[in-house]
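# Commentary on secondary and tertiary structure
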Amino acid sequence: MSANQPEIRVERLTVNYGGHQALKNISFSFQCGQLVGIIGPNGAGKSTLIKAILGLEKYIGSIEICGKPIKEMRKKISYVPQRSSIDFDFPVLVEDVVLMGRYAFIPWYKKARIKDKEIARDALEKVGMTHFAKRQIGQLSGGQQQRVFIARALAQQADVFFLDEPFVGIDATSEEIIVSLLRSLQREGKTIFVVHHDLSKVEKYFDQLILLNQELVGAGNVSEVYKPELLSAAYKGSVTVFGNNDNMMVVSS
Ligand code: ADP
Ligand code: MG
């Protein structure tokens, strides 16, 4: 690949919450167009890393997204937050949630154009949720809700996607639909970061990996990062790793 291929580049990133240091001196870079998993134990700073990259948390250090600073890329970035952080009592229809993905492109003095509605409809179809367009979001199962939020991200037609634990509390069908969607986005040249908690699926789902626990433990090809010694270093007492690289088993302790 050419030396000037655009990258997501994070350099010496530190995030403090009051007196607590959530991320300490993190540096990594990935070429754009990759599907990257982010793993680490609870409280490791995974969500904080995403929020810092999105410009939602104050940070020290430098971040470049596909060769540009965050503020120039904002419209090109989609974010699907952890589902637990969303209020489902808010009465809103599925089709309107997806249309929200278009709001950055609709001037405040105008209504959604037919084109925006078509884009939203296509996105809903891609996640297999067309029949639920007129339902209230709060009436859906966890997996269906997650698919709707992913449809909203698709409707934004972003180049870079950040998903925070998209597979938590969802059914197997929704997980399969989302995984194959992520792969097809990658084939289209999109860059995707996914915070992930199920270690048994890491090798199946990702080619690239970030392993962290406040500090960076590893970043790069899954084969270089998903290793017993690095996993043990990141998860400390919370998982036990058996075997070697070719035949490894990870068990929560
Ligand atoms: P993860 O997503 O890996 O579970 P987080 O990024 O959510 O971890 O949190 C990293 C650490 O920072 C945790 O110790 C958490 O309690 C703390 N933290 C996260 N958000 C805040 C906040 N808004 N204020 C203070 N501390 C926070
Ligand atoms: Mg988190």
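Residues numbered from 1 in each chain as written. Chains lettered and ligands numbered in written order. Predicted model: local features only at pLDDT ≥ 70, side-chain atom pairs only at ≥ 80, totals over all residues. Heavy atoms only, no water.

## Focus on the domain arrangement of the protein chain
What counts is decided by this rule: Residue ranges assigned to the domains are those given by an automatic or database domain assignment. Whether two residues are in contact is decided by their heavy atoms: any pair within 4.5 Å suffices. Here the quantity called buried area is the total loss of accessible area, with a 1.4 Å probe, experienced by two parts when brought into contact, counted for both.
Each assigned domain of the protein chain is listed here: domain 1 (1-73 + 159-173 + 187-253) and domain 2 (86-158). On a C-alpha basis, the centres of domain 1 and domain 2 stand 27 Å from each other. Counting residues at the interface gives 10 residues for domain 1 and 9 residues for domain 2. Roughly 650 Å² of surface becomes buried between domain 1 and domain 2 when both sides are summed, with 57% attributable to carbon and sulfur atoms. It is Phe 161, Ile 170 and Asp 171 that lose the most area in domain 1 upon contact with domain 2, and together they represent 47% of the buried surface on that side.

## Let's talk about the coordination of the magnesium ion (ligand 2)
The condition that has to hold: Only nitrogen, oxygen and sulfur atoms qualify as donors, and only when within 2.8 Å of the metal (3.2 Å in the case of Na, K and Ca); with water excluded, sites may look incomplete. Secondary structure follows DSSP: runs of H or I at least 4 residues long count as helices, runs of E at least 2 residues long count as strands, and numbering of each begins at the N terminus. Only protein chains enter the accessibility calculation, which uses a 1.4 Å probe. A residue is then buried if its area is under 20% of the maximum for its type, exposed if over 50%, and partly exposed in between.
Only Ser 47 (OG) and Gln 82 (OE1) from the protein reach the magnesium ion (ligand 2) as donors, at distances of 2.1 to 2.7 Å. Of this pair, Ser 47 sits in helix H1 (residues 46-53) while Gln 82 sits in the loop between strand E5 (77-80) and helix H3 (94-99), and the two are 35 residues apart along the sequence. Residue classification places Gln 82 among the partly exposed residues on the basis of a relative accessible area of 28%.

## A few points about the pattern of salt bridges
Where we set the bar: The rule for a salt bridge is simple: a side-chain nitrogen of Lys or Arg has to be within 4 Å of a carboxyl oxygen of Asp or Glu.
Under the criterion given, the structure shown has 10 salt bridges. Here Arg 9 ties to Glu 11 by a salt bridge, and the two come within 3.6 Å at their closest N and O atoms. Of the charged contacts, one joins Arg 113 and Asp 116 as a salt bridge, the two residues approaching to 2.9 Å between their closest N and O atoms. The partly exposed category is assigned to Arg 113, whose relative accessible area is 38%.

## Re the side chain of Gln 156
The cut-off we apply is this: As used in this structure description, the phrase polar contact means that two N or O atoms lie within 3.5 Å; if the pair is within protein, one of them must be able to donate a hydrogen and the other to accept it, and residues adjacent in sequence are counted only when both atoms belong to side chains.
On the secondary structure map, Gln 156 appears in the loop between helix H5 (142-155) and strand E6 (160-164). A residue is classified by how much of its surface remains accessible, and Gln 156, at 16% relative accessible area, is buried. Engagement of the side chain of Gln 156 in a polar contact is seen with the side chain of Ser 78, the distance being 2.9 Å. Not counting residues up to four positions away in its chain, the partners in contact with Gln 156 are Arg 74, Lys 75, Ile 77, Ser 78, Gly 101, Arg 102 and Phe 105.

## Considerations on the site of ligand 1
For the record, the criterion: Here a residue counts as near a molecule or strand whenever at least one of its heavy atoms sits within 4 Å of it. Areas reported as accessible are Shrake-Rupley estimates using a 1.4 Å probe. Residue values count occlusion only from the protein chains shown. Amino acid classes used here: Ala, Val, Leu, Ile, Met, Phe, Trp, Tyr, Cys and Pro are nonpolar; Asp, Glu, Lys and Arg are charged; the rest, including Gly, are polar.
Ligand 1 sits among Tyr 17, His 20, Ala 22, Pro 41, Asn 42, Gly 43, Ala 44, Gly 45, Lys 46, Ser 47 and Thr 48. At 2.8 Å, a backbone N or O of Gly 43 approaches an oxygen atom of ligand 1. One of the backbone N or O atoms of Gly 45 is found 3.0 Å from an oxygen atom in ligand 1. Isolated, ligand 1 exposes 560 Å² of accessible area, and the fraction of that covered by the protein chains is 59%. By residue number, the principal contributor to the shell around ligand 1 is H1, which donates 3 residues. Its residues assigned to classes, the shell around ligand 1 comprises 4 nonpolar, 6 polar and 1 charged.

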